[in-house]
Amino acid sequence: MKPMDHEIQTQQVFRTIMRAMGYPGTIHRLLNHPSHKTRTSSLQLVAETLFDQDVTFCVIGDQGMRELEDILHKLTNCPVTEPSLADFLVMTSPASGGKLLTAKTGIPEYPDHGATVLFSVESLADGSASDFLVRLTGPGILGEKYIQIQGLDREELCHLRELNSGYPLGIDSIFIDQQGCIMCIPRTAKIQLR
Amino acid sequence: MAYVAVKGGKVAIEKAAKCMEYERIKGASSPLEVEQIKDQLSLLVDRVMGEGSLYAPDLAALAIKQSSGDMLESAFILRAYRTTQPRLGFTLPGQAGEMRIMRRISAAFKDIPGGQVLGPTPDYSLRLMDFDLFEDSHKRRQEFIQSLFRDICEIDEMPENFPKIVELLRKENLLEERDRKGSSDLRVDDVTRGSLTFPASRSVSLQSMARGETGGMLLLAYSNMRGYGNVHPTVGELRVGFMPVNILHPYTREAYAVGEIKVTEAEIISQSKTSEGTPKFTLGYGLCFGHNEVKAISMAVLDRATQADESKAPSEDQEFVLSHIDGIESMGFCNHFKLPHYVTFQSSLDRIRKTQEVWDAPEAVVE
Amino acid sequence: MHLKQWLNDESHDDRLTANYSFAFLDEGTKREIRRKILKAIAIPGYQVPFGSREMPIARGWGTGGLQITLSIIGPRDILKVIDQGADDSVNAVNIGRFVNRVTGVSLTTDTADASIIQTRHRIPEEPLSEEQVLVLQVPIPEVLRTIEPSEKETRRMHAEADYSAMWLYLYEDIIKYREISIGSRYPVTVNHRYIMDPSPIPRWDISKLQMAKNLFIFCAGREKRIYAIPPYTEVRPLEFEDHKFRVEDFKGAVCSRCGSTNTYLDEIVENENGMRTYSCSDTAYCAKAALRKQQ
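A. View of the overall build of chain A. Along the backbone of chain A there are four helices and 10 strands. For chain A, the α and β elements follow one another from N to C terminus as α-β-α-β-α-β-β-β-β-β-α-β-β-β. Taken against the 2.2 N^0.38 rule, which gives 16 Å for 194 residues, the C-alpha radius of gyration of chain A at 16 Å falls within 12% of a compact globule. The dimensions of chain A, computed from C-alpha atoms along their principal axes, are 45 × 35 × 35 Å. Considering chain A as a whole, with its 194 residues, one finds that 48% of them fall into the buried category. Put simply, 68% of the contacts in chain A that link residues at least 6 apart link residues at least 24 apart.

B. Representation of the overall build of chain C in the model. Within chain C one finds eight helices and 12 strands. Over its C-alpha atoms chain C spans a radius of gyration of 21 Å, differing by no more than 12% from the 19 Å that the globule rule assigns to 295 residues. Taken across its 295 residues, chain C has 54% of its residues classed as buried. The long-range share in chain C, meaning contacts at least 24 apart out of those at least 6 apart in sequence, stands at 62%.

C. Quick peek at the sheet that holds strand 7 (residues 194-196) of chain C. All names here are of chain C. Read across the open sheet, the three strands follow the order 7-6-10; overall the sheet is antiparallel. With partners counted over all chains shown, the strands left at the sheet margins are strand 7 and strand 10 (235-237), one partner each. Going from strand to strand, the sheet's axes swing by 30° on average, the running direction of each strand aside.

D. Broad picture of helix 3 (residues 27-42) of chain C. Over its 16 residues, helix 3 of chain C extends 23 Å from the first C-alpha to the last, a length consistent with the 22 Å expected when each residue adds 1.5 Å. Burial runs high along helix 3 of chain C: 15 of the 16 residues are buried.

E. Structural context of the interface of chain C and chain B. Each partner contributes residues to the interface: chain C has 60 residues there, and chain B has 51 residues. Counting residues per element, the ones that place at least two in the side of chain C that touches chain B are helix 1 (2-8), helix 5 (90-103), helix 6 (151-159), strand 11 (265-269) and strand 12 (276-280) of chain C. A per-element tally of the side of chain C that touches chain B places helix 1 of chain C first, with five residues. Here the side of chain C that touches chain B is composed, by residue class, of 19 nonpolar, 19 polar and 22 charged.

F. Representation of the sheet that holds strand 8 (residues 215-220) of chain C in the model. All names here are of chain C. Pairing is mixed across the open sheet formed by seven strands, whose spatial order is 1-9-8-5-4-2-3. Where the open sheet ends on each side, the last strands, each with one partner, are strand 1 (48-49) and strand 3 (106-107). Here strand 4 (residues 116-120) pairs with strand 5 (residues 133-137) via five bridges, running parallel. Bridging across to strand 5, Thr 119 finds its partner in Leu 136. Lying over the sheet, helix 3 contacts strand 1, strand 8 and strand 9 (225-229), oriented at roughly 45° with respect to strand 9.

G. Region of the structure containing the nonpolar core. The biggest cluster of nonpolar side chains holds 173 residues, and the ones touching the most others in it are Ile 17, Val 46, Leu 89, Leu 118 and Ile 182 of chain A together with Ile 217 and Ala 228 of chain C. Filtering out sequence-adjacent residues up to four positions away, Ile 217 of chain C remains in contact with Ile 37, Ala 40, Ile 68, Val 133, Val 135 and Ala 228 of chain C. The next biggest cluster of nonpolar side chains, apart from the first, holds nine residues, and it includes Trp 204, Tyr 264, Tyr 285 and Cys 286 of chain C.

H. Structural view of unusual backbone geometry. In this structure, Pro 168 of chain A follows Tyr 167 of chain A across a cis peptide bond, with omega equal to 10°. Tracing the chain through its elements places Pro 168 of chain A in the loop between helix 4 (154-163) and strand 8 (172-176). A cis geometry characterises the amide bond from Phe 198 of chain B onward to Pro 199 of chain B, with omega recorded as 0°. Within the element layout of this structure, Pro 199 of chain B appears in the loop between helix 7 (165-171) and helix 8 (202-210).

I. Inspection of the pairing of strand 9 of chain C at higher detail. All names here are of chain C. Summarising burial for strand 9: five of the five residues are buried, a large majority. Bridging between strand 1 and strand 9 involves two bridges; their strand directions are antiparallel. The partner of Val 48 across the bridge, within strand 9, is Ile 226. Where strand 8 and strand 9 come together, five bridges link them in antiparallel fashion. Considered in strand 9, the bridge of Cys 219 is made with Ile 226. Counted along the chain from strand 8 to the antiparallel partner strand 9, the turn is four residues long, and its residue Lys 224 has a positive phi close to 60°.

J. Just the environment of Ile 297 of chain B, in detail. All names here are of chain B. For Ile 297, the location among the structural elements is in helix 10 (residues 293-305). Counting along the chain gives 11 residues from Ile 297 to Gly 286, while the straight-line C-alpha distance between them is 6.2 Å. Those residues in contact with Ile 297 that lie beyond four places of it in its chain are Val 235, Ala 266, Ile 268 and Gly 286.

K. Quick peek at helix 6 (residues 138-150) of chain B. When the terminal C-alpha atoms of helix 6 of chain B are compared, their 18 Å separation across 13 residues agrees well with the 18 Å that a helix rising 1.5 Å per residue should span. Little of helix 6 of chain B is tucked away, with zero of its 13 residues classed as buried.

L. Spotlight on the domain arrangement of chain C. All names here are of chain C. By the assigned domains, chain C splits into domain 1 (27-144 + 187-235) and domain 2 (253-295). Relative placement of domain 1 and domain 2: their C-alpha centres are 26 Å apart. Counting residues at the interface gives 14 residues for domain 1, matched by seven residues for domain 2. Partitioned by chemical class, the residues of the side of domain 1 that touches domain 2 number four nonpolar, four polar and six charged.

M. Summary view of the packing of helix 3 of chain C against helix 4 (residues 63-72) of chain C. Residues and elements named next belong to chain C. Axis separation between helix 3 and helix 4 bottoms out at 9 Å; the angle between their running directions is 100°. Taken together, the axis directions place helix 3 and helix 4 in an arrangement best described as roughly perpendicular. Contact with helix 3, carried on its side by Lys 30, Ile 33 and Arg 34, involves Gln 67, Ile 68 and Ser 71 of helix 4 and no other residues of that element. Looking at side-chain class alone, the contact of helix 3 with helix 4 contains two nonpolar, two polar and two charged residues.

N. Inspection of the pairing of strand 2 (residues 57-60) of chain A at higher detail. All names here are of chain A. The alternating pattern of strand 2 places Phe 57 and Val 59 and Cys 58 and Ile 60 on opposite faces, both of which are buried. Across four bridges, the pairing between strand 2 and strand 3 (residues 88-91) is parallel. Bridge pairing in strand 3 places Val 59 opposite Val 90. Taking the sense of rotation as the criterion, the β-α-β connection linking strand 2, helix 3 (residues 65-76) and strand 3 turns out left-handed.

O. Region of interest: the packing of helix 9 (residues 214-225) of chain B against helix 10 of chain B. Residues and elements named next belong to chain B. Packing of helix 9 against helix 10 brings their axes to within 8 Å, and their N-to-C directions diverge by 55°. Our classification of the angle between helix 9 and helix 10 gives oblique. In terms of crossing hand, the pair formed by helix 9 and helix 10 is left-handed. Along its contact with helix 9, which presents Thr 214, Met 217, Leu 218, Leu 220, Ala 221, Asn 224 and Met 225, the element helix 10 presents Val 294, Lys 295, Ser 298, Met 299, Val 301, Leu 302 and Ala 305. Looking at the contact of helix 9 with helix 10, its residues break down into 10 nonpolar, three polar and one charged.

P. Representation of the environment of Pro 83 of chain A within the structure. All names here are of chain A. With respect to the element layout, Pro 83 can be found in the loop between helix 3 and strand 3. A residue is classified by how many C-beta atoms lie within 10 Å of it, and Pro 83, with 21 of them, is buried. Put simply, Pro 83 and Glu 162 are 79 residues apart on the chain and 17 Å apart in space, counted from C-alpha to C-alpha. Not counting chain neighbours up to four residues away, the residues in contact with Pro 83 comprise Cys 58, Ile 60, Leu 89, Lys 99, Thr 102 and Ala 103.

Conventions we followed
- Residue indices begin from 1 for each chain and proceed along its sequence in written order.
- Key to labels: chains lettered from A, ligands numbered from 1, both in the order written.
- Side-chain atom pairs in this predicted model are given and counted only at pLDDT of 80 or more, local residue features only at pLDDT of at least 70, and totals for whole chains, interfaces and linings cover all residues.
- Helix and strand labels come from DSSP, where a helix needs a run of H or I of at least four residues and a strand needs a run of E of at least two; each type is numbered from the N terminus.
- Here the radius of gyration uses the C-alpha set of atoms, whereas the globule reference equals 2.2 Å times the residue count to the power 0.38.
- Burial is judged by counting other C-beta atoms within 10 Å of a residue's own C-beta: 20 or more means buried, 12 or fewer means exposed, and anything between counts as partly exposed, with every C-beta placed from the backbone.
- Residues are defined as contacting one another if the C-beta atoms placed from their backbone atoms lie within 7 Å.
- Two strands form a pair only when DSSP identifies at least two bridges running between them.
- In this analysis an axis means a line fitted to C-alpha atoms, helices contributing only their contacting stretch, and an angle means the value between N-to-C directions, from 0 to 180 degrees.
- A helix is expected to span 1.5 Å multiplied by its residue count minus one.
- Here the nonpolar group is Ala, Val, Leu, Ile, Met, Phe, Trp, Tyr, Cys and Pro; Asp, Glu, Lys and Arg are the charged ones; every other residue, Gly included, is treated as polar.
- In this usage, the nonpolar core is the set of buried Ala, Val, Leu, Ile, Met, Phe, Trp, Tyr and Cys residues whose C-beta atoms join them within 7 Å.
- The split into domains, and so the bounds of each, comes from an automatic or database assignment of domains.
- We call two directions roughly parallel when the angle between them is under 35 degrees, roughly antiparallel when it is over 145, roughly perpendicular when it lies between 65 and 115, and oblique otherwise.
- Here is how to tell: hold the view so the strands point away, follow the path from the first strand over the helix to the second, and if it runs clockwise the crossover is right-handed.
- By convention the crossing between two helices is left-handed if the near helix lies anticlockwise of the far one by an angle smaller than a right angle, and right-handed if it lies clockwise.

Here it is in structure tokens:
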């Protein structure tokens, strides 16, 4: 891919992420390109857009973490560090074994130092008042939003809610599914679980 | 009904740029060559490189030509160009001992190892107008150069090295090595990749000042020297010369020189009391591109001043100093007041008229 | 080490001939700004520090707004740039020309057609949609700056939500003038937490920030701060029970071009006798309205 085409692709990916963060709970296709449907390549697209040598990341989960860290590091030059120091955490399994709770949430003078978590899940779908895993309210949401998430333990969402209970400290989340779709939950969103 | 014409902005700015160029070229004199500016206005080029934060004499000379000699504009043009250049890597730390000396003096001692090398300086000249320069010519220049070298009987060898004066003081244990604000972390921050937060680390402070505007820094340093502050500096050492630029060779992983840059380095010595109450010397450090002694000395004074335990004067307030010495920022903000502000002014008009109304109104119940 | 990468990169010859990136900024710069935009959206009204780059236009002239626009814009975007509400203002034209030159993006004066609107000191009269982003140029991002010159101190005040000094300032204003005398840059509370400087937009435009459909991104280039208001967010001007927030009063003046009575008006002094006419500050809106009136 020519350098400028790559730049434009990254720009489009970013706009989608920005849209998703501004309108939490809404689901967006990353790119309309059919080859970017697998979980790994969607994750790579997001990593390429946001990671570089000026930030840090790590992969948490229960398998294949080191390999994925290697792949993403080579792709972006982003240094790997431990979960409590990482600017970006990538979660590739339904459970983190409590590691998610160690993510940094920022300090009162600089709440923006709180981490961003990329949750790699199976699927994201709109829910309804009678059929949802997560109900969101808050900035960016008119009224409320219901979402269904497959491939993430309910407990992790409890952890997320706990991490974000001391606003403005908290973490911000980007959910990426295997169909090439993303959804965001910034720390401002109030999470209610089924 | 009156109609207000609001069109024509695009044409106006195009014409304004052309007008600017016309002012520059309308005279009868021959076009200035960039080479001429580089050679014959070298101190101006040095200053612009320092403030533009890009060591590129040809480009600095071009910027000076393009801006008709406006120093702030020139530095700005260079800085804007700098932004477009990719970051290839970082050099190895420079060692001042490696400097190829052009000029090296100390006010602290009458004589120093290596000697006082005056080099090119106007410091001792009489500032009398040289009207002869109206009749400058190649021939006169050649004659001057010939006579200069003709009169030299023998050439002394430059000393092998010039030991640093501060090292001598350090050996005698006269220099205080304090743990200063932010200096405990050895990480080098990059001031072009983040924004100023306070207290700023030493690397951020020095970088900001190295690319600071000479006049602004002189103003703040002068205020300290005059008494709005406590530095009382002595120039421990001032050096002007060429520093090699070394990088780590990508294949051999050894130090590899890619060129050299002219820099001015100033170390000032000031007195202070240690925590135990004994007096010691403390150091202030200044370094900038090119030959710019006023800036290097001012920087060294401000480096020392902003390390003060208590800031009782503006020059001792690190946040005050670092927030106001960038020429590109200050000039931009100053100039921005020329932009239309009529909407915000309208809002203020409304408020003033309203408060007058309320003030003049019969006494309402307002507590 | 980047030098090795550069030497290995086959396209370095292009770079030697000063081939700019898409939208002028290099990818590293865009990435940092993009990361910071996301954090700004996640913490509405909080000022995120960033490594603001020098641009070919001067500091104070919109380098902040420009960096945001260049970091988010794509070839399919349509850009509108206004200054004091006018598309034809020299500074707006200059910025628009520059962005067009480094992106090829189409420019428009029609608010409804634009996907990105970069603005200095006004919010367009026509409400924006979810498909649109408003980028605001900010000279001084710190709402508490008039009360407290130190950045270290204002950061502490925001961290502790210690805004008593601001309330005191407003109270003293009322005691002195019987009215809150702040014109533009009127302080607002965002998402019940941060007090924010909405940039020097007139009070008239403050209500447009409240529960809007679109995203607002604010950026100060010289002061190096990015902040944002997401859509559908509570944004309330500071006021007292007995001294409510009030917008500018045009006392029934009417736009001399389109006849509008519900827009922010520019006051134009016609002659030495002080005769005045008024016209919409939002020139594009005015042109549309005038056209409608004709038909």
